[in-house]
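A look at the structure
As a plain string of letters, each chain reads:
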Amino acid sequence: MNIGQLARQAGVPIDTVRYYERQQLLPTAARSAGGYRIFGEPDLRRLRFIRRAKALGFSLEEIGELLALSDHHQQDMGSVRDTAQARLQDITQRMAELQRMHIALSQLVDACPGHGALDQCPILAALTDDTTAAGD
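The rules behind these values
- Residues numbered from 1 in each chain as written.
- Predicted model: local features only at pLDDT ≥ 70, side-chain atom pairs only at ≥ 80, totals over all residues.
- Heavy atoms only, no water.
- Helix = DSSP H or I, 4+ residues; strand = E, 2+ residues; numbered from the N terminus.
- Rg over C-alpha atoms; globule rule 2.2 N^0.38 Å.
- Buried < 20%, exposed > 50% of the residue type's maximum accessible area, 1.4 Å probe, protein only.
- Arc of directions from axis to C-beta.
- Contact = heavy atoms within 4.5 Å.
- Phe/Tyr/Trp six-rings, centres within 6.5 Å; stacked < 30°, edge-to-face > 60°.

Scanning the protein chain for helices and strands turns up six helices and two strands. Going from the N terminus to the C terminus, the protein chain shows its helices and strands as α-α-β-β-α-α-α-α. Rg of the C-alpha trace for the protein chain: 23 Å, well past the compact-globule value of 14 Å for 136 residues, more than 25% over. The principal-axis extent of the C-alpha atoms belonging to the protein chain is close to 70 × 40 × 25 Å. A burial count over the protein chain gives 21% of its 136 residues as buried.

Below, the structure written as structure tokens:
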């Protein structure tokens, strides 16, 4: 299949296929006599793997590691689990941080009457207050 067919079947833009190839997440495609890239079913499976891993929040580096592990089926699955566990911990930390941000921003929005002079705005005051460090 050509790059357009591969991209369509995998549900990604053509530029994404080229990018993953440059990042060596996809092997360098064979070329037709006319110089066009030629892909097969293994490339489609790999591209779908990458897309699904991205949807789960894995970085491209982590996806590369998972692909390398996937290419060596005889190895123990502990490495895959460790990588997924690390991603899960990162997501948990990010969720906690987002929850803190949500609470802080909700308090600021609730404190703002939404009318009046800007110099009385509690949101702007909180953002310009030098006594409060960001992220507190």
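From this point on, the discussion continues.
Within helix α1 (residues 3-10), burial applies to Ile3, Gly4, Leu6, Ala7 and Ala10. Buried residues of α1, seen end-on, are gathered within an arc of 165° and therefore sit on one face of the element. Residues of α1 that are buried make contact with α2 (14-22), β2 (37-38) and α3 (41-55). One or two residues past the end of α1 sits Gly11, with phi positive at roughly 75°.

Once that is clear, we can look at the packing of aromatic side chains. In this description, an aromatic ring pair is defined by two values, namely the gap between the centres and the angle between the planes. All told, the structure shown has one aromatic pair when counted by the stated rule. When the centroid spacing of 6.1 Å and the interplanar angle of 55° are considered together, the rings of Tyr19 and Tyr20 count as tilted. For Tyr19, a relative accessible area of 33% corresponds to the partly exposed category.

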